[in-house]
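So you can see what is in the structure, the chains are spelled out below.
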Amino acid sequence: MTNHNRRTFIRRLILASCATLLPVSAFAVQGNELEEIRSYRNGSKAQLTLKLSQTPNYKVFTLKNPDRLVVDLHQTKNAYGFKSLNKLGLFKEVRWAMHHGDTLRLVFDLENHIAFSTTSVHKNTHNDELRIELTDSVVVQHKPVARKPEKRDILVVIDPGHGGKDPGATGKHGTHEKDVVLSIGRMLRQKLDRSHGFKVVMTRDKDVFIPLRERVIIAHKYKADVFVSVHADACDDRTVKGSSVYILSNKGATSVMARRLANRENNSDLIGGVSLNTKDNMLAKVLLDLSQTGTLQASTDLANTVISNLAKTEKILHKRVERAAFAVLKSPDIPSALVETAFISNPREEKKLRTKAFQNKIADALHDGIKRYCLESIPERNLIIS
Ligand SMILES: [Zn+2]
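Predicted model, so just to flag it, every value in this text is computed and none were measured.

Conventions and cut-offs
- Residues numbered from 1 in each chain as written.
- Predicted model: local features only at pLDDT ≥ 70, side-chain atom pairs only at ≥ 80, totals over all residues.
- Heavy atoms only, no water.
- Helix = DSSP H or I, 4+ residues; strand = E, 2+ residues; numbered from the N terminus.
- Buried < 20%, exposed > 50% of the residue type's maximum accessible area, 1.4 Å probe, protein only.
- Contact = heavy atoms within 4.5 Å.
- Areas by Shrake-Rupley, 256 points an atom, 1.4 Å probe, with all protein chains shown as cover.
- Pairing = 2+ DSSP bridges.
- Core = buried A, V, L, I, M, F, W, Y, C linked by side-chain atoms within 4.5 Å.
- Axes fitted to C-alpha atoms, helices over the stretch in contact; angles between N-to-C directions.
- Parallel < 35°, antiparallel > 145°, perpendicular 65-115°, else oblique.
- Left-handed = near helix turned anticlockwise from the far one by under 90°.
- Nonpolar A, V, L, I, M, F, W, Y, C, P; charged D, E, K, R; others polar.
- Arc of directions from axis to C-beta.
- Polar contact = N/O pair within 3.5 Å; in protein donor to acceptor, adjacent residues only side chain to side chain.

**Comments concerning the overall build of the protein chain**
Secondary structure assignment for the protein chain yields nine helices and 15 strands. Taken over 386 residues, the protein chain has a buried fraction of 45%. The contacts in the protein chain between residues at least 6 apart in sequence include a share of 72% that link residues at least 24 apart. For the protein chain, the accessible area works out to roughly 20400 Å², and carbon and sulfur atoms hold 54% of it.

Now the structure itself:
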């Protein structure tokens, strides 16, 4: 190539460059250019990335009915064909048009569960990116949704008081509380087993000593819906008679009698040579403070229905539910009641307590009381047929 030819070539090259550069520079004066759109998706997160020749001057907003995502790019021309754009289940269609002369408007017809989240601009060497973050609410909703409680058998824990080396109260004629209440407990189990919608666990099914705390642990282990402890009362005054139903009190007994009784029943562990662990008592108190209020109401409901059923056949000593600090009732989340069926210290009641007929009557009253309580207080989760 001669010098002249070289100069001509360079001049032509410059001209050619100018020729190709001119429209670009002319466009640059006019504004921005949408070069490409890319879509990403990962779980509930999704993103639309708009590649632009310059930093965008934009506005992103949504429209309802149907759900649309609108992207306004001011002073921007469209240089993108949309054919390579993958929808990824984020939108049905995308449309574009020039709006107010120099604004490129993109409209994405969003899928139902896709929601607009945020935008951000990222600067690259050769172009800028407008990133539009989207979320998929269907994927997000994988977190647990409150569902209707499942209908299932109601688990009743029957706790015949005392047992083994702890005979409980003993009547004038030598009747032990532990034997009478075990017999009533077994009858109650049989009646509940025959009713539809109940499952029964007994804290003891034989003449064995079980610490009070162990009885509570059993109730928790089986996730009891109802806990009923069965006892027979005793009093120095041998004329005192009748049935009573007690629930737990964390603020002391509602009567002197309730306090006396709680002391006596709680002594069961001392008889067995095991005192209640102080640490556990502290823990029990904390748990009680946290959650006993709601359960106390449930326990009151349970005790009231049991009382009214007992009242149909027996003289009731206390018309209202008595409260006392029974260790055996310290299940913060399980409605619990302690039933003193009759006074074993009263010779006439002792005689009655020994009969299958009376034991059956008490078991009937407890069965009906528990059933009515479940039907009225927890109707949403039982399968009981009334
Ligand atoms: Zn007792």
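The structure having been displayed, the exposition proceeds.
**Some remarks on the pairing of strand 10 (residues 154-160)**
Most of strand 10 is tucked away, with seven of its seven residues classed as buried. With burial as the criterion, each face of strand 10 is covered, one bearing I154, V156, I158 and P160 and the other bearing L155, V157 and D159. Relative to strand 11 (residues 198-202), strand 10 is paired through five bridges, and the arrangement is parallel. Paired with V156 across the strands is V200, a residue of strand 11. Sheet topology places strand 10 next to strand 12 (residues 226-233); five bridges connect them, and they run parallel. Opposite V157, over in strand 12, you have F227 as the bridge partner.

**Observations regarding the nonpolar core**
In terms of nonpolar packing, the biggest core is built from 44 residues, with V226, I370 and C374 touching the most fellow members. Those elements that provide at least two residues to this core are strand 10, helix 3 (177-194), strand 11, strand 12, strand 13 (244-248), helix 7 (278-311), strand 15 (336-343) and helix 9 (356-377). Per-element accounting of this core gives the leading share, eight residues, to helix 9. Look past the residues within four positions of C374 in its chain and what remains in contact with it is I154, F198, V226, P379, N382 and I384. Among the nonpolar cores identified, the runner-up in size contains 24 residues, and L34, L48, L69 and F108 belong to it.

**Some points on the packing of helix 3 against helix 9**
Where helix 3 meets helix 9, the closest approach of the two axes is 8 Å, and the angle between their N-to-C directions is 50°. The angle between the axes of helix 3 and helix 9 places the two elements in the oblique class. Helix-helix and strand crossings are classified by hand; for helix 3 and helix 9 the assignment is right-handed. Contacts from V180, S183, I184, M187, L188, K191 and L192 of helix 3 reach helix 9 at K356, Q359, N360, I362, A363, D364, L366, H367 and I370. Of the residues that constitute the contact of helix 3 with helix 9, the class distribution is nine nonpolar, four polar and three charged.

**Section: helix 8 (residues 347-354)**
Residues of helix 8 that are buried: E349, E350 and L353. One side of helix 8 holds all its buried residues, which, seen down the axis, span an arc of 105°. Exposed and facing more than 90 degrees away from the buried side of helix 8 are R348, K351 and R354. Here the buried face of helix 8 lies against helix 3, strand 12, strand 15 and helix 9. Of the residues that open helix 8, the one with a side-chain oxygen 2.9 Å from the backbone nitrogen of R348 is N346.

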